[in-house]
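The chain contents come next:
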Amino acid sequence: MVAYVVTTHQISISRACRTVSLSKSMYYYNKVKDDTETISKLQELAEAYPTEGQDLYYGRIRQQGYKWNYKRVRRVYLLMGLNRRRKARKRLPERVKEPLVQPDRFKESWSVDFMSDVLVNGRKFRTLNVIDDYNREAIAIEVAHSMPAVQVTRLLDRIIKEKGKPKRIRVDNGPEFISKEFREWCLNKNILIQFIQPGRPMQNGYIERFNRSFRESILDAYLFEDIMQVQILAEEWVWDYNHKRPHEALGGKTPNQYREEGYINISSTLRVDKISMDK
């Protein structure tokens, strides 16, 4: 009102205040609301309980002993935009750190991981890499433009039919591996899933080292026009990797040699044990 009188009649603020019977101190007073604590509390509740809304937040605030009234909480809630629909971020269950230990037998543990690259036309493709942790043998490299969880399980079914089934599979926390389809497939196959901790790729160190070799030898070394070229070169490289390429970690042996010697050692041990039992 004072501002209107000053602007319309071109008089001083003091005279305008006298005219409308308002003290000058009331005219210059600006009410400042400090909502810092309310904003902090609502932000905390929104992160902890993303699927709840204003009424539940208000109930929790009152239970925690804060005396803010409903209108204040609602005003800040709307100011923060918490009334707008938001997608709740899915949280991973806690992953237990497990040491990367080499199994003592073939098909005890497989490591599985994805890699990505592009064709010359810019179209992306992915590779699903599977190795045996016992002797670092490349079980398979499958190439496709996209690999949802359903396709991953189909590919693994085919690999298992050809190579046999592992007792457990070590994977990261990618969407294909944490999906319902993959978890149910492993449950039905009686295969244990061993998840690494998020942000700890070296807990899957065997296949990380394998991926590096594959990228340097194939993905970074060639230009591909289609995924069939990638698949053919990958299969040729896998055969050489398993049968011709010596590994320092295997004492200079190829994965195939290491596996065959392992079978011989196991057979010898079983024969010795049988003779001892017969005596």
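What comes next is a walk through the structure.

1. Side note on the overall build of the chain
Reasoning step 1: When helices and strands are tallied, the chain shows 11 helices and 5 strands.
Reasoning step 2: Burial status across the chain gives 38% buried among its 279 residues.
Reasoning step 3: Taking the contacts inside the chain whose residues are at least 6 apart along the sequence as the reference set, 58% of them involve residues at least 24 apart.

2. What to know about the nonpolar core
Reasoning step 1: If you look at the biggest cluster of nonpolar residues, it comprises 25 residues, and the most contacted ones within it are L128, V130, V152, F177, F182 and W185.
Reasoning step 2: Broken down by secondary-structure element, the contributors of at least two residues to this core are β1 (109–118), β2 (124–132), β3 (138–144), α7 (149–163), β4 (168–171), α8 (180–189) and β5 (192–195).
Reasoning step 3: Residue contributions to this core peak at 5 residues, all from α7.
Reasoning step 4: The residues touching W185, leaving out its near neighbours within four places in the chain, are T153, L156, D157, I160, I169 and I191.
Reasoning step 5: Residues L119, L219, F224 and W237 belong to the second largest nonpolar core, which totals 19 residues.

3. Remarks on the environment of P148
Reasoning step 1: By the element assignment, P148 lies in the loop between β3 and α7.
Reasoning step 2: Residue classification places P148 among the partly exposed residues on the basis of a relative accessible area of 44%.

4. Considering the packing of aromatic side chains
Reasoning step 1: Enumeration according to the criterion identifies 13 aromatic pairs in this entry.
Reasoning step 2: Ring centres of F177 and F182 lie 5.4 Å apart, and the angle between their planes is 65 degrees; this geometry places the pair in the edge-to-face category.
Reasoning step 3: Ring geometry for F214 against W237: centres 5.3 Å apart, planes inclined by 50 degrees, an arrangement best described as tilted. With F214 in helix α9 (residues 205–219) and W237 in helix α10 (residues 227–243), this pair connects stretches of sequence that are 23 residues apart.
Reasoning step 4: The exposure class assigned to F214 is buried, which follows from its relative accessible area of 0%.
Reasoning step 5: Taken together, F114, F177, F182 and W185 form an aromatic cluster joined through their ring pairs.
Reasoning step 6: Lying across the ring of Y206, R136 places its NZ or CZ 4.0 Å from the centre.
Reasoning step 7: We note R259 situated over the ring of F106; from NZ or CZ to the ring centre the distance is 4.8 Å.

5. Points about the environment of Q64
Reasoning step 1: For Q64, the position within the fold is in the loop between α5 (54–63) and α6 (70–79).
Reasoning step 2: At 2.8 Å, the side chain of Q64 forms a polar contact with the side chain of K41.

6. As for the side chain of D133
Reasoning step 1: Residue placement: D133 occurs in the loop between β2 and β3.
Reasoning step 2: Of the residues examined, D133 reaches a relative accessible area of 0% and is grouped as buried.
Reasoning step 3: Among the polar contacts listed, one links the side chain of D133 to the side chain of R170, at a separation of 2.6 Å.
Reasoning step 4: Dropping the residues within four chain positions of it, D133 is found in contact with Q102, P103, S109, W110, S111, R170 and Y206.

7. Considerations on the pairing of β1
Reasoning step 1: Burial analysis of β1 places 8 of its 10 residues in the buried class, which makes it a mostly covered element.
Reasoning step 2: When β1 meets β4, the two strands line up parallel, connected through 3 bridges. Counterpart to W110 in the pairing with β4 is I169.
Reasoning step 3: Sheet topology note: the β1/β2 ladder contains 9 bridges and is antiparallel. The residue of β2 that forms the bridge with D113 is N129.
Reasoning step 4: Hairpin connection between β1 and β2: a loop of 5 residues separates the two successive antiparallel strands, and G122 in this loop has a positive phi of roughly 90 degrees.

8. Focus on the pattern of salt bridges
Reasoning step 1: Applying the stated rule across the entire model yields 15 salt bridges.
Reasoning step 2: The partner of D35 in a salt bridge is R75, with the nearest N and O atoms 2.8 Å apart. Taken together, the residues span a long stretch of sequence, with D35 in the loop between α3 (24–28) and α4 (36–48) and R75 in helix α6 at a distance of 40 residues.
Reasoning step 3: Residue classification places D35 among the buried positions, given a relative accessible area of 10%.
Reasoning step 4: We note a salt bridge from E142 to R158, for which the minimum N-O separation is 2.2 Å. Residue E142 is found in strand β3, and its partner R158 is found in helix α7; the two are separated by 16 residues along the sequence.
Reasoning step 5: Ionic contacts of the salt-bridge type, sharing partners, join the residues D35, R72 and R75 into one network.

So, how was this worked out
Residues numbered from 1 in each chain as written. Predicted model: local features only at pLDDT ≥ 70, side-chain atom pairs only at ≥ 80, totals over all residues. Heavy atoms only, no water. Helix = DSSP H or I, 4+ residues; strand = E, 2+ residues; numbered from the N terminus. Buried < 20%, exposed > 50% of the residue type's maximum accessible area, 1.4 Å probe, protein only. Contact = heavy atoms within 4.5 Å. Core = buried A, V, L, I, M, F, W, Y, C linked by side-chain atoms within 4.5 Å. Phe/Tyr/Trp six-rings, centres within 6.5 Å; stacked < 30°, edge-to-face > 60°. Lys NZ or Arg CZ within 6 Å of the ring centre and 35° of its normal. Polar contact = N/O pair within 3.5 Å; in protein donor to acceptor, adjacent residues only side chain to side chain. Pairing = 2+ DSSP bridges. Salt bridge = Lys/Arg side-chain N within 4 Å of Asp/Glu carboxyl O.

Honestly, it's all geometry; don't read function into it.
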